[in-house]
Amino acid sequence: QVTLRAGAELDAHQVNQYTLTLRATCPGEDEVEERLFVQVTAGKVLRCDTPFASAEGDMVQVLADVAPRTPLYAVLPQLLGGLTVRGQWFPSPSSLQFRLRNHNTPLILTRRGLVLAPDNGFHPSKDMQTFRLEIEVMDRHGHNCSGAVRVKVLPSRRARVTFPELHRSVTVAEGIGPWEVVTQVHASGENVRYAILAPVAPTLFTIDEVTGEIRSIRQLEVAHAHLLVQAYNVLHPADHATATVNITVQGTDQWAPRCVPAIFVSQVPETVSPGSTLVTLRCTDSTGTDERLRYALEGPPASRSHFCMEGPQLKVNTTLDYDSEAMATMGFQFMATVLVTSGGEPSRSTHVPVLVTVTPVNEFRPVCPNGATFTVPETAAFGSVVGRVAGTDRDYPPDSLEYSLEGGSSPTQPFSIDRRTGEIRVVGRLDSRQQKSYRLLVRLTDTHNDLDPAKRHSRLCDVSVRLQAVPDQLPVCIPEVQELRITAGSPGSRQPVTRLACHGSPDGATLTYTVVGGNEEGHFRLEGNTVVYLPSDQAEPRTFVLLVEVWGGSGARRRSTVVALVVHVTPWSPQVPPTTTTQHTVSR
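Numbering of residues starts from 1 in each chain and follows the order in which that chain's sequence is written. Two thresholds apply to this predicted model, a pLDDT of at least 70 for residue-level local features and 80 or more for giving and counting side-chain atom pairs, whereas whole-chain, interface and lining totals are computed over all residues. Working from all heavy atoms in the structure, the side-chain values ignore hydrogens and water.

Visitor: So what exactly am I meant to see when it comes to the overall build of the protein here?
Guide: Secondary structure follows DSSP: runs of H or I at least 4 residues long count as helices, runs of E at least 2 residues long count as strands, and numbering of each begins at the N terminus. A count of helical and extended segments in the protein gives two helices and 44 strands. We call two residues in contact when some of their heavy atoms are within 4.5 Å. Sequence-distant contacts, at least 24 apart, represent 65% of the contacts inside the protein between residues at least 6 apart. Accessible surface area values rest on a Shrake-Rupley calculation with a 1.4 Å probe, where residue burial reflects the displayed protein chains alone. For the protein, the exposed area adds up to about 33100 Å²; of that, 51% sits on carbon and sulfur atoms.

Visitor: So what exactly am I meant to see when it comes to the state of the cysteines here?
Guide: The disulfide criterion is simple: two cysteine sulfur atoms within 2.5 Å. According to the stated counting rule, one finds three disulfides in the structure shown. C259 shares a disulfide with C283; S-S distance 2.1 Å. Here C259 and C283 share a disulfide; its torsion about the S-S bond, 115°, makes the bridge right-handed. Of the two residues, C259 is situated in strand β19 (residues 258-260) and C283 in strand β22 (residues 282-284); the sequence distance between them amounts to 24 residues. Between the sulfur atoms of C477 and its disulfide mate C502 the distance is 2.0 Å. Between C477 and C502, the disulfide has an S-S torsion of 110° and is therefore right-handed. Residue C477 is located in strand β35 (residues 476-477), and its partner C502 is located in strand β38 (residues 502-503); the two are separated by 25 residues in the primary sequence. Each member of the pair, C477 as well as C502, is classed as buried. Using a 1.4 Å probe on the protein chains alone, a residue whose accessible area is under 20% of its type maximum counts as buried, one over 50% counts as exposed, and one in between counts as partly exposed.

Visitor: How should the pairing of strand β43 (residues 559-570) be read in this particular structure?
Guide: The side chains of a regular strand alternate, first on one face of the sheet and then on the other. Note on pairing: two strands pair once DSSP finds at least 2 bridges between them. Bridge count for strand β36 (residues 481-487) against β43 is seven bridges, and the pairing is parallel. Each residue of the ladder has a partner; that of Q482, found in β43, is L565. Sheet analysis places strand β42 (residues 542-552) next to β43, joined by eleven bridges and oriented antiparallel. Within the sheet, the bridge partner assigned to L546 lies in β43 and is L565.

Visitor: Looking at this structure, I do not really get the side chain of E270. What am I missing?
Guide: Its place among the elements puts E270 in the loop between β20 (264-269) and β21 (277-280). Comment: no salt bridge for buried E270; closest opposite-charge side chain is R394, at 9.6 Å. In the analysis that follows, any N or O atom pair within 3.5 Å is treated as a polar contact, provided that within protein one partner can donate a hydrogen and the other can accept it, and provided that, for residues neighboring in sequence, both atoms belong to side chains. At 2.9 Å, the side chain of E270 forms a polar contact with the backbone nitrogen of V361. Residues contacting E270, with those up to four places away along its chain left out, are L320, D321, Y322, D323, V358, T359, P360, V361 and E363. Neither His nor the chain termini are counted; the positive set is Lys and Arg, and the negative set is Asp and Glu. What makes a salt bridge here is a side-chain nitrogen of Lys or Arg within 4 Å of a carboxyl oxygen of Asp or Glu, nothing more.

Visitor: Help me understand the sheet that holds strand β31 (residues 415-417) in this model?
Guide: Neighbouring strands of a sheet are bound in pairs by backbone hydrogen bonds; such pairs are parallel or else antiparallel. Read across the sheet, three strands follow the order β29-β32-β31 without closing on themselves; strand pairing throughout is antiparallel. Each end of this open sheet is capped by a strand with a single partner; those strands are β29 (385-388) and β31. When strand polarity is set aside, the average angle formed by the axes of neighbouring strands in this sheet is 20°. Strand direction decides the pairing type here: β31 and strand β32 (residues 423-426), joined by three bridges, are antiparallel. Note that in β32 the partner of I417 across the bridge is I424. To define axes, lines are fitted to C-alpha atoms, for helices over the stretch in contact only, and angles between the resulting N-to-C directions are given on a 0 to 180 degree scale.

Visitor: Explain the pattern of salt bridges to me, please; I cannot follow it from the model alone.
Guide: It is possible for side chains of opposite charge to pair when their charged atoms get near one another. Evaluation of the coordinates by the stated rule reveals 21 salt bridges. Among the salt bridges present, the one from R69 reaches D119, with a minimum N-O distance of 2.7 Å. Placement of R69 in the loop between β4 (58-63) and β5 (71-77) and of D119 in the loop between β9 (114-116) and β10 (129-138) is noted, with a sequence separation of 50 residues between them. The exposure class of D119 is partly exposed, given its relative accessible area of 48%. Measuring nitrogen to oxygen at the nearest pair gives 3.7 Å for the salt bridge that ties D285 to R292.

Visitor: How do you make sense of the environment of Y18 when you look at a structure like this?
Guide: Along the chain, Y18 falls in strand β1 (residues 17-24). For Y18, a relative accessible area of 35% translates into the label partly exposed. Remark: the alpha-carbon pair of Y18 and F37, spanning 19 residues in sequence, is separated by 5.8 Å.

Visitor: Looking at this structure, I do not really get the side chain of T498. What am I missing?
Guide: Following the sequence through the fold, T498 ends up in strand β37 (residues 495-499). Engagement of the side chain of T498 in a polar contact is seen with the side chain of Q482, the distance being 3.3 Å. Look past the residues within four positions of T498 in its chain and what remains in contact with it is Q482, L484, N529, T530, V531 and L565.

Visitor: I tried to follow a nonpolar patch on the surface on my own but got confused; where do I start?
Guide: A cluster of nonpolar side chains, V516, V545, L547 and V562, forms an exposed patch at the surface whose accessible area comes to about 300 Å². Here V516 shows up in strand β39 (residues 512-517). Patch membership is restricted to residues that have no salt bridge and whose relative accessible area is over 30%. Joining uses 9 Å for like charges and 5 Å for the nonpolar side chains Val, Leu, Ile, Met, Phe, Trp and Tyr.

Visitor: Help me understand the pairing of β42, please; the structure alone is not making it clear to me.
Guide: With five bridges connecting them, β39 and β42 associate as antiparallel partners. Counted as the bridge partner of T514 is E549 from β42.

Visitor: How should I be thinking about the environment of A296 in this particular structure?
Guide: Mapping A296 onto the fold places it in strand β23 (residues 294-298). For A296, a relative accessible area of 32% translates into the label partly exposed. For the pair A296 and L314, spaced 18 residues apart in sequence, the C-alpha to C-alpha distance is 9.7 Å. Dropping the residues within four chain positions of it, A296 is found in contact with M309, T337, V338 and L339.

Visitor: Any chance you could explain the nonpolar core here in plain terms?
Guide: If you look at soluble globular proteins, the nonpolar side chains tend to sit buried side by side. Formed by 28 residues in total, the largest nonpolar core has its most connected members in F307, L314, V338 and V340. Counting only elements with at least two residues in this core, the list comes to β20, β21, β23, β24 (307-310), β25 (313-316), α2 (325-329), β26 (333-341) and β27 (349-359). Apart from residues lying up to four places away in sequence, V338 is in contact with L281, Y295, A296, L297, M309, T350, H351, V352 and V354. Among buried residues, the Ala, Val, Leu, Ile, Met, Phe, Trp, Tyr and Cys ones that are joined through side-chain atoms within 4.5 Å form a nonpolar core. Among the nonpolar cores identified, the runner-up in size contains 26 residues, and L72, V75, F98 and F131 belong to it.

Visitor: In this structure, what is going on with the packing of aromatic side chains? I would like to understand it.
Guide: In this description, a pair of aromatic rings is defined by centroid distance and the angle of the planes. Here a pair means two rings of Phe, Tyr or Trp (six-membered ring of Trp) with centres within 6.5 Å. Their orientation is stacked below 30 degrees between planes, edge-to-face above 60, and tilted elsewhere. The full count for this structure, using the stated rule, is nine aromatic pairs. Taking the centre distance of 6.0 Å and the plane angle of 75° together, the rings of Y322 and Y396 count as edge-to-face. Of this pair, Y322 sits in the loop between β25 and α2 while Y396 sits in the loop between β29 and β30 (401-405), and the two are 74 residues apart along the sequence. Since its relative accessible area comes to 11%, Y322 is described here as buried. A ring pair is formed by F524 and Y533, whose centres lie 5.1 Å apart and whose planes are at 50°; its orientation type is tilted. Across this residue pair, the class does not change: F524 and Y533 are buried. Joined through ring pairs, the aromatic side chains of Y322, F332 and Y396 make up one cluster. Only lysine NZ and arginine CZ atoms are considered, and such an atom sits over a ring when it is within 6 Å of the ring centre and within 35 degrees of the ring normal. Residue placement shows R394 over the ring face of F364; its charged tip is 3.9 Å from the ring centre.

Shown next, in the form of structure tokens:
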């Protein structure tokens, strides 16, 4: 089947017929040559190619984090007079018009037939989204055709930038000098950077784009600032999130309660007991006492469920389990705010930011796999994979193990194990007649499960490796018996007689050849698998019966077979050149 597609625009008024010569060759057959006549007629019908013009339409898949207005698909002109769809972009002729027939889609169709991502990008949904565009194409003569494109938006594989705390209120006293830290925002995600979106030209505060620290620009006076802070992925700016920070600067003559520490940042192990006190705030109001102060914990539900306030004491409310996916999604950190309110009139309050980082504790020992038994043929080559020891560990990150072989690799233990994957390989010679199975002790050691790298647990696992016997195979020579007639060359020369054709076992061991009989006078010698005759000055014809033993295999697995050569030697004569004639005989 031959498909023709014009490489340029066809004009029937200039050329209305082409003659093509086609040659076709099939394996084992002669070449066939035929001529094909292509007639070009003037046409006025605009057609769209499949799959664009099919009932389901063409389809393209993109990730949800693709940049806004990224070209996703192009409806391209086919220079034969129709339309075709391709996966790369070429500009459309200006004579075509592209119109979107359905408008219930955020996608954009340009005047040149390009389908673009939405102006604000796709919604970062965890589910797959599908959009259908029905497109009509019309040329300048009014002819048209239509087709459809389905755009499947796949969920992004990257961890998206998110703010654990979307709203934060901070109260500070006036008089704070320039470039002092007022508060700090934190967002989870990859390659996170920070910026203040509003006000566009901040006059009181600025933010460190890397750490998220909000600092004063000048000495602060009584004021109230509303900041809109954006966190974004510096490599994918479309991946961003926003949070609001309200900063109140109070006058010193009506100050809110003051607390020490003003910000609490701490690391606690995951094994800390519920009811443990993390910090006791020392707060005073304008009277210099703490008798009328009230304490409340604010923040995300996860923080308020794991911690609680008992008076000025911040305590652990429930178990902090580091080894869970829920903790991992939070970055192993809890953020909250302790609201300290005075009982006077008017009531004043202070916020004490709290950041608690949970650190890992290596609690669990690795667990050996069930039934770690492997079978390997005794002829397995060096480096062959025997199997994989798949240990487990409940500490986070799960199954972060290192593997080692007790006793290491040796002739009595011809195996090695990959430190990271647990894959066992052959690194020595195997022989099922000497040893039918091996009992290996594999040590599993956990890694990266504790803040102290020295605190590691290990466990020894029994692994059995059984050798699968492979039947021995004697060297095979064809033929096993040869009868040869040669005319000897001049004395002192070297005359090849025959070359033995033998093959050994499948393991590819090199064959060795030895003359074991019939060469008492040393008239023959072996050079590899070639039998060479050494002529002498004898005057009478002679017959030699040589026995050549062929050895294959290695070590205790060596096996041999015997080849018989009957060599009739005619004495050397200056008038008769040396010759060799072979007659094969099959032995009984």
